[in-house]
Amino acid sequence: MIFYGTNGSHVRTAPLPGVACPNCSTMDSVNASVFSRYAHIYWIPLFPYSKPIVAQCEHCQQAWEEKVMPAEVREPAKALKQDTRSPLLHWAGLGVIAVLICVGALMGARNDREDKAFLENPRVGDIYTVRTKEDDKTYSLLKVVAVKGPTVDVVPNEYTINQRNALDELNDPAKYSKESFTLSQFELKTMQNKGQLTDVDRLEK
Ligand SMILES: [Zn+2]
């Protein structure tokens, strides 16, 4: 269950100078208040979406929402609203999401660079996460057991898993085949470009 909804808070109240109360005719007695409404998820503000305004006469206590404000009150009240920003805090959720997306993109780019470097300079013990069939959601592992110039000998893991994190689940020495086969750098590069080889990990650095 995800809790989400809307909430609001008072931002600012200011007098509307030069305005006579439409109800009691007192001069300079009307104040306008600006509120900020925001969407929240688990009570963390995500983003503001409206700024309701209310005006009230201090003398006769008559109050008006924006829809029913007499024109002489509405015009200066709307000017005050336009001059009032929603609190930055009401953007907190979107701000956090934007930061997480940036961090994710940076980490992804770093991982891609690392994968490329590991593929170009393979070492015994490197583990490749591979899709077992093209366009399939089944993953398994290949472990490098020998590096011979432009080729590597790998042993395939004998298990598959329907998740990308095959490494966490399958990397147990007992789960690898004893039969190795040879792959060239070119073949590995091609597999990577086709998305068949999705990750390269070097556990002992
Ligand atoms: Zn009044």
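Predicted model only: the values in this text are computed from it and were never measured.

Asker: Explain the side chain of T138 to me, please; I cannot follow it from the model alone.
Answerer: Its place among the elements puts T138 in the loop between strand 6 (127-131) and strand 7 (139-148). If we ignore the near neighbours within four places in the chain, the residues touching T138 are V130, R131, T132, T160, I161 and N162.

Asker: Where do I start with the sheet that holds strand 6 in this structure?
Answerer: Strand pairing in a sheet relies on backbone hydrogen bonds. The paired strands run either parallel or antiparallel. Taken together, the 5 strands give an open sheet; going across it, the order is 9-8-7-6-10, and neighbouring strands pair in antiparallel fashion. A strand with exactly one partner marks an edge of an open sheet, and here the two such strands are strand 9 (181-184) and strand 10 (197-201). With direction set aside, neighbouring strand axes in the sheet form an average angle of 35°. Looking at chain direction, strand 7 and strand 8 (residues 151-156) are connected through 6 bridges and run antiparallel. From the neighbouring strand, A146 faces strand 8, where its bridge partner is D153. In this fold helix 2 (residues 92-120) packs onto strand 6 and strand 10, with an angle of close to 80° to the strand it touches most, strand 10.

Asker: How do you make sense of the pattern of salt bridges when you look at a structure like this?
Answerer: When charged atoms on two side chains of opposite charge get close, those side chains can pair. Throughout the structure, instances matching the rule amount to 6 salt bridges. With a shortest N-O distance of 3.8 Å, R12 and D83 are connected by a salt bridge. Of this pair, R12 sits in strand 1 (residues 4-15) while D83 sits in the loop between helix 1 (71-82) and helix 2, placing them 71 residues apart in sequence. Residue classification places R12 among the partly exposed positions, given a relative accessible area of 29%. In this structure, D126 engages R202 in a salt bridge whose closest nitrogen and oxygen atoms are separated by 2.8 Å. Placement of D126 in the loop between helix 2 and strand 6 and of R202 in the segment after strand 10 is noted, with a sequence separation of 76 residues between them. Judged by its relative accessible area of 10%, R202 falls in the buried class. Each of K116, E120 and K189 takes part in a single network of salt bridges with overlapping partners.

Asker: Help me out: how do you make sense of the packing of aromatic side chains in this one?
Answerer: What describes a pair of aromatic rings is the distance from one ring centre to the other and the angle between the planes of the rings. Overall, the coordinates contain 2 aromatic pairs when judged by the stated rule. Between F3 and Y42, the aromatic rings sit 6.1 Å apart at their centres with planes inclined by 70°, giving edge-to-face as the arrangement. Of this pair, F3 sits in the segment before strand 1 while Y42 is found in the loop between strand 2 (30-41) and strand 3 (44-50), placing the two residues 39 residues apart along the sequence. A residue is classified by how much of its surface remains accessible, and Y42, at 40% relative accessible area, is partly exposed. An aromatic cluster is defined as three or more aromatic residues linked by ring pairs; in this entry it consists of F3, Y42 and W43. In this structure, K175 packs its charged tip against the face of Y159, placed 5.6 Å from the ring centre.

About the cut-offs
Residues numbered from 1 in each chain as written. Predicted model: local features only at pLDDT ≥ 70, side-chain atom pairs only at ≥ 80, totals over all residues. Heavy atoms only, no water. Helix = DSSP H or I, 4+ residues; strand = E, 2+ residues; numbered from the N terminus. Contact = heavy atoms within 4.5 Å. Pairing = 2+ DSSP bridges. Axes fitted to C-alpha atoms, helices over the stretch in contact; angles between N-to-C directions. Salt bridge = Lys/Arg side-chain N within 4 Å of Asp/Glu carboxyl O. Buried < 20%, exposed > 50% of the residue type's maximum accessible area, 1.4 Å probe, protein only. Phe/Tyr/Trp six-rings, centres within 6.5 Å; stacked < 30°, edge-to-face > 60°. Lys NZ or Arg CZ within 6 Å of the ring centre and 35° of its normal.

The values are spatial; any link to function lies outside them.
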